[in-house]
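So you can see what is in the structure, the chains are spelled out below.
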Amino acid sequence: MAKQKSQGAVLKEVLFRLRKYWLAMIASMILATVSVMTSLYIPVLVGEAIDHILGPGNVDFTAVTVKLLGVAICAGVSALAQWLMSVMNNRVTYRVTRDIRNEAFRHIQTLPLSYLDRHPHGDVVSRVVADVDTFADGLLMGFTQLFSGLMTIVGT
């Protein structure tokens, strides 16, 4: 039971650190929605294009062309939305990790000398850097997969 409470506390801390970047997070969710919806609409357009192929020599090329143009537009919009979403997610992740590193190094500067004498300097800094890098990787992957995954489930 204590482990669940600590996970909840960690989640609260992460959300607390993300609060400054709420606008970018909303933009990322909107872009994920656009990307997923356009991706899910492509098979519908392809199916409609196939419906205009009635048989050998009986193809409505104008309608098929319009549907395939729609597929190309949806693919382009989806790709652009995914790219913009990754830019937003990278920016938020970079800024959150920068904030954490700055806070950690400010804290290290206020530690008593007795603590620094007992622990190797490189060990303390290495732990901060490695832990924040691991956190950044998880945060970036979580944003990208969470938003897109949720929107895919809802859209489907």
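So, a few notes on the structure that sits alongside this text.

The rules we used
- Residues numbered from 1 in each chain as written.
- Predicted model: local features only at pLDDT ≥ 70, side-chain atom pairs only at ≥ 80, totals over all residues.
- Heavy atoms only, no water.
- Patch = residues over 30% accessible without salt bridge, like charges linked within 9 Å, V, L, I, M, F, W, Y side chains within 5 Å.
- Areas by Shrake-Rupley, 256 points an atom, 1.4 Å probe, with all protein chains shown as cover.
- Salt bridge = Lys/Arg side-chain N within 4 Å of Asp/Glu carboxyl O.
- Helix = DSSP H or I, 4+ residues; strand = E, 2+ residues; numbered from the N terminus.
- Buried < 20%, exposed > 50% of the residue type's maximum accessible area, 1.4 Å probe, protein only.

A few words on a nonpolar patch on the surface. Taken together, the side chains of Trp-22, Leu-23, Ile-26, Met-29, Ile-30, Val-34, Leu-69, Ile-73 and Val-77 define a hydrophobic patch exposed on the protein surface, amounting to about 830 Å² of accessible area. If you list the elements that add at least two residues to the nonpolar patch, you get α2 (22–51) and α3 (61–110). Sort the elements by how many residues they give to the nonpolar patch and α2 lands first, with six residues. Here Met-29 shows up in helix α2.

Once that is clear, we can look at the pattern of salt bridges. Taken as a whole and assessed by the stated rule, the structure comprises six salt bridges. A salt bridge links Arg-17 to Glu-13; the nearest nitrogen and oxygen atoms lie 3.0 Å apart. Here Arg-17 pairs with Glu-13, and both are found in helix α1 (residues 2–18), just four residues apart, close to one helical turn. Under the relative-accessibility criterion, Glu-13 is labelled partly exposed at 36%. Note that Arg-98 and Asp-99 form a salt bridge whose closest N and O atoms lie 3.6 Å from each other. Judged by relative accessible area, Arg-98 falls into the partly exposed class, the value being 35%. Salt bridges here are not isolated pairs; linked through shared partners, they connect Glu-13, Arg-17 and Glu-103.

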